Amino acid sequence: MNTRPDMGSLSGSGGELPHRSDYSIAHLRHIPRRFFRRWLSAAFILTAFGFVAHAFATGQIEWEVVGQFFTAQSILFGLGNTVIMTILAMIFGIVLGVVFAIMYMSPNPVLKSVAWFYIWFFRGTPLMLQLLLWFNLALVFPTLGIPGLFEARTVTVITPFMATLLGLGINQGAYTAEVVRGGILSVDIGQTEAAKAIGMTRLTTLRRIVLPQAMRVILPPVGNEVISMVKLTSIASVIQFSEILRNAQAIYYANARVIELLIVAAIWYLIVVTILSIGQSFLERHFSKGVGKPGVRTRTAVSQERSV
Amino acid sequence: MSTPPMVVAVDIHKYFGSLCALKAVSTEVAKGEVLCIIGPSGSGKSTFLRCINQLEQADKGAIWIDGELAGFRQAGDALYELNDQDIARQRAAIGMVFQRFNLFGHMTALENIIEGPVIVQKRPHAEAVDEALTLLDRVGLSAKRDAYPSALSGGQQQRVAIARALAMRPKLMLFDEPTSALDPELVGEVLEVMRDLAQSGMTMIVVTHELGFAREVCNRVVFMDEGSIVETGTPQEVLVNPRHPRTKDFIAAVLA
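Bear in mind that the values here come from a model prediction, so they are computed numbers and not experimental data.

Q: When you look at the overall build of chain B in this model, what are you seeing that I'm missing?
A: Within chain B, the secondary structure is distributed over nine helices and 12 strands. Computed over the C-alpha atoms, the radius of gyration of chain B is 18 Å, within 12% of the 18 Å expected from 2.2 N^0.38 for a compact globule of 256 residues. By its C-alpha atoms, chain B is 50 × 50 × 40 Å across when sized along the principal axes. The contacts in chain B between residues at least 6 apart in sequence include a share of 65% that link residues at least 24 apart. Of the roughly 10900 Å² of accessible surface on chain B, a fraction of 50% belongs to carbon and sulfur atoms. Between the centroid of the 25 positive side chains of chain B and the centroid of its 32 negative side chains there is a distance of 2 Å.

Q: Help me understand the pattern of salt bridges, please; the structure alone is not making it clear to me.
A: Residues and elements named next belong to chain B. Under the criterion given, the structure shown has 22 salt bridges over all chains. A salt bridge links arginine 220 to glutamate 33; its shortest N-O distance comes to 3.0 Å. Pair noted here: arginine 220 is in strand S11 (residues 220-225) and glutamate 33 is in the loop between strand S2 (19-29) and strand S3 (34-38), with a separation of 187 residues, a long-range link. Neither arginine 220 nor glutamate 33 differs from the other in exposure class; each is buried. We note a salt bridge from arginine 246 to aspartate 225, for which the minimum N-O separation is 3.1 Å. Taken together, the positions of arginine 246 in helix H9 (residues 245-255) and aspartate 225 in strand S11 put the pair 21 residues apart, joining distant regions of the chain. Using a relative accessible area of 34% as the deciding quantity, one classes arginine 246 as partly exposed. The network of salt bridges with common partners includes Arg123, Glu127, Glu131 and Arg169.

Q: I would appreciate a short explanation of the interface of chain A and chain B in the present structure.
A: Chain A puts 22 residues into the contact, and the matching count from chain B is 25 residues. Taken together, the two surfaces of chain A and chain B that pack against each other cover about 2000 Å², and 59% of this comes from carbon and sulfur. On the chain A side of the interface with chain B, the three residues burying the most area are A:Glu193, A:Ala197 and A:Ile198, jointly 28% of the side's total. For the interface between chain A and chain B, the tally reads two salt bridges. With a closest N to O distance of 2.6 Å, A:Glu193 and B:Arg50 form a salt bridge. Counting across the interface, chain A meets chain B through seven residue pairs in polar contact (both at pLDDT 80 or more). When contributions to the side of chain A that touches chain B are tallied by element, the ones reaching two or more residues are helix H9 (189-197) and helix H10 (202-232) of chain A. Considering every element that reaches the side of chain A that touches chain B, the biggest residue donor is H9(A), with seven residues. By residue class, the composition of the side of chain A that touches chain B is eight nonpolar, eight polar and six charged.

Q: When you look at the sheet that holds strand S5 (residues 68-69) of chain B in this model, what are you seeing that I'm missing?
A: Strand pairing in a sheet is mediated by backbone hydrogen bonds. Such pairs are either parallel or antiparallel. Residue and element names in this part refer to chain B. The strand order across the open sheet formed by four strands is S2-S1-S4-S5, and the pairing between neighbours is antiparallel. Looking at strand neighbours, the two that pair on one side only are S2 and S5, the edges of this open sheet. Sheet topology places strand S4 (residues 60-65) next to S5; two bridges connect them, and they run antiparallel. By the bridge assignment, tryptophan 64 is partnered in S5 with leucine 69. Against the sheet, helix H1 (residues 45-52) engages strand S1 (7-16), S2 and S4, with an angle of about 60 degrees to S2.

Q: Would you explain the pairing of strand S7 (residues 78-81) of chain B in this entry?
A: Where a strand is regular, its side chains alternate between the two sheet faces. Residues and elements named next belong to chain B. Here strand S6 (residues 72-75) runs beside S7; their pairing, made up of four bridges, is antiparallel. Along S7, the bridge assignment pairs arginine 73 with tyrosine 80. Between S6 and S7, which follow one another and run antiparallel, lie two residues, and glycine 76 among them has a positive phi close to 65 degrees.

Q: Sorry, what's going on with the packing of aromatic side chains here?
A: Where two aromatic rings form a pair, the distance of their centres and the angle of their planes describe that pair. All names here are of chain A. Within the structure shown, the criterion is met by 10 aromatic pairs over all chains. Considering the side-chain rings of phenylalanine 117 and phenylalanine 121, the 6.2 Å spacing of their centres and the 15 degrees angle between planes classify their relative orientation as stacked. Remark: phenylalanine 121 and phenylalanine 117 occur in helix H5 (residues 109-124); sequence separation between them is four residues, near one turn of the helix. Overall, the relative accessible area of 46% leaves phenylalanine 117 in the partly exposed class. A centroid spacing of 5.9 Å and a plane angle of 55 degrees characterise the contact between phenylalanine 161 and phenylalanine 241, whose relative ring orientation is tilted. Remark: phenylalanine 241 occurs in the loop between H10 and helix H11 (244-255) and phenylalanine 161 occurs in helix H8 (residues 160-186); sequence separation between them is 80 residues. Since its relative accessible area comes to 3%, phenylalanine 241 is described here as buried. Each residue in the set Phe100, Trp116, Phe117, Tyr118, Trp120, Phe121 and Phe122 is aromatic and connected to the rest through ring pairs, giving one cluster. The ring of phenylalanine 282 is capped by arginine 285, whose NZ or CZ atom sits 5.5 Å from the centre of that ring.

Rules behind the numbers
Counting of residues starts from 1 at the beginning of each chain's written sequence and follows it residue by residue. Labels follow written order: the first chain is A, the first ligand is 1, and so on. Local features in a predicted model are, by the rule used here, given only for residues with pLDDT of at least 70; side-chain atom pairs are given and counted only at 80 or more, and totals for whole chains, interfaces and linings are based on all residues. Hydrogens and water are ignored here; the side-chain numbers use all heavy atoms of the structure. Here a strand is any run of E in DSSP of at least two residues, a helix any run of H or I of at least four, and the numbering for each starts at the N terminus. In this description the radius of gyration comes from C-alpha coordinates, and the expected globular size is given by 2.2 Å times residues to the power 0.38. Here a residue-residue contact requires only that any non-hydrogen atoms of the pair lie within 4.5 Å. Calculation of accessible area relied on Shrake-Rupley with a 1.4 Å probe; when residues are assessed, cover is drawn exclusively from the protein chains displayed. Two residue types count as positive, namely Lys and Arg, and two as negative, namely Asp and Glu; His and chain ends fall outside the count. For the purpose of locating charges, the reference atoms are NZ of Lys, CZ of Arg, CG of Asp and CD of Glu. By salt bridge we mean one thing: a side-chain nitrogen of Lys or Arg within 4 Å of a carboxyl oxygen of Asp or Glu. For every residue, the accessible area (1.4 Å probe, protein chains only) is compared with the maximum for its type, and the residue is labelled buried under 20%, exposed over 50%, or partly exposed between those bounds. In this description, buried area is defined as the sum, over both parts, of the accessible area (probe of 1.4 Å) that is lost when the two are combined. We call two N or O atoms a polar contact when they sit within 3.5 Å, provided that within protein one can donate a hydrogen and the other can accept it, with sequence-adjacent residues counted only if both atoms are side-chain atoms. The classification used treats Ala, Val, Leu, Ile, Met, Phe, Trp, Tyr, Cys and Pro as nonpolar, Asp, Glu, Lys and Arg as charged, and all other residues, Gly among them, as polar. In this analysis, strands are considered paired if DSSP registers two or more bridges between them. To get an axis, fit a line to the C-alpha atoms, keeping to the stretch in contact for a helix; angles then go from 0 to 180 degrees between the N-to-C directions. Two rings from Phe, Tyr or Trp (for Trp, the six-membered ring) form a pair when their centres are within 6.5 Å of each other. A pair whose planes differ by under 30 degrees is stacked, one over 60 is edge-to-face, and the rest are tilted. For a ring to carry a charge above it, either NZ of a lysine or CZ of an arginine must fall within 6 Å of the ring centroid while also lying within 35 degrees of the normal to the ring plane.

This is how it looks when you write it as structure tokens:
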């Protein structure tokens with residue numbers, strides 16, 4: 001601050017040097033740039049938001065009805081079904097995804113083709129169509145079982161719950177397989193070679209060395225898919241699975257409070273998704289250990305731009 | 001055979017597509033011997049090293065490690081490839097140190113070292129930790145036991161990698177250009193650890209560009225070019241008075 005301007009360090013800069021006395025302004029206070037357009041756009045957005053809020057407040061929504069049905073038994077039961085189905089279908093999907101990703105990368109051409117077909121078929125057809133296929137499985141196979149061991153009528157096995165679990169889980173597996181494959185490919189080949197060099201077999205290498213490091217790449221997209229899954233369960237209402245949206249609909253068919261019950265469902269979806277997002281960030285932190293300094297996030301393009 | 005050599009390689013050929021990476025490479029390494037392999041890049045020296053612990057499979061020829069045929073089983077007039085478990089078991093007895101360290105990124109220095117003993121050799125965790133701490137001390141990194149590889153310098157990572165290989169109690173250590181990826185000022189600390197290891201009687205095969213190290217530590221030097229062994233002998237013979245013109249050219253180029 002109070003050191004004299006060093007003339008020596010400037011002499012190499014090439015261009016014409018200003019007169020020595022011009023350097024005397026170096027001690028002046030710095031005033032940050034003002035961002036008038038930011039203030040303007042913020043004011044505009046707030047005004048627009050005000051109008052929307054006003055419209056809803058004076059619109060024909062009975063907020064007491066929202067409160068009344070928010071914790072109704074049928075809504076909470078549907079919420080429970082939605083959450084349970086999300087968890088089970090996701091676990092099923094991730095297990096299938098890992099298995100099929102490994103098969104897809106196997107040197108065995110049969111395993112590879114089967115994995116390719118699985119991904120091709122279940123990513124290539126609409127989820128709702130798949131749910132209807134599982135639900136109507138009894139039309140193809142009236143009974144299910146292993147001959148001689150056990151046998152059951154398909155309609156009693158494939159309940160709406162089972163059909164939804166199969167449909168969502170198997171569909172999810174096809175997407176997760178691609179995510180897992182990308183994660184495995186992101187791990188440096190040197191890691192595999194080092195694992196082999198200390199005598200690990202192919203499977204141990206995958207389990208101990210490759211997959212834990214692939215998790216860092218796999219988790220963010222899988223987290224997104226868990227959040228999608230919460231909402232995808234609502235599609236299962238077409239096969240009579242009583243998740244939250246279907247139960248909300250059942251109520252408004254009776255009392256005609258359509259918007260109020262849709263708001264109830266929307267708030268519950270938002271609560272579940274928010275909780276899951278928080279869980280996701282904890283998991284991501286756990287699996288990013290060993291990458292960069294702990295607790296210090298690398299600067300992203302956006303955060304850099306913000307500070308410019 | 002009373003006590004077989006540590007490594008016997010006979011007539012090793014290796015092709016990458018139409019490229020012949022190794023042609024008829026044969027050599028022997030005695031127990032306790034330190035062999036340095038030098039040569040220009042693309043000469044097949046790393047490929048040969050990788051054939052020894054079967055990270056590459058030779059297309060022709062055979063390698064014996066301590067008297068045991070590596071990677072194959074003889075039946076009648078053919079050699080049958082071993083399965084994953086048997087190859088893994090053979091590799092566990094051979095330590096390997098890589099040019100790019102390849103420490104497991106999600107594990108601390110200590111976890112890297114005990115991974116093999118605990119998971120592969122199924123030794124008790126506490127015993128593996130004790131031994132790992134001794135090894136960390138030996139490579140001068142006791143203070144870094146809980147550091148992740150990303151927080152270590154290249155030289156430190158390579159020293160942990162050497163400790164990781166030693167934790168498996170190998171009978172043979174392979175070094176694939178262990179100092180080539182290091183900043184010049186970090187080369188010394190890694191060579192120091194390798195020098196100590198050589199003095200302890202470990203059998204070592206070192207692919208290197210460090211001619212000073214080769215001259216000082218190795219018992220024997222092999223010069224490879226274009227997939228074959230051109231010249232072999234004591235450091236004095238190969239490095240100081242090379243006979244073959246290609247060896248002379250290479251050494252002149254490296255020292256220039």
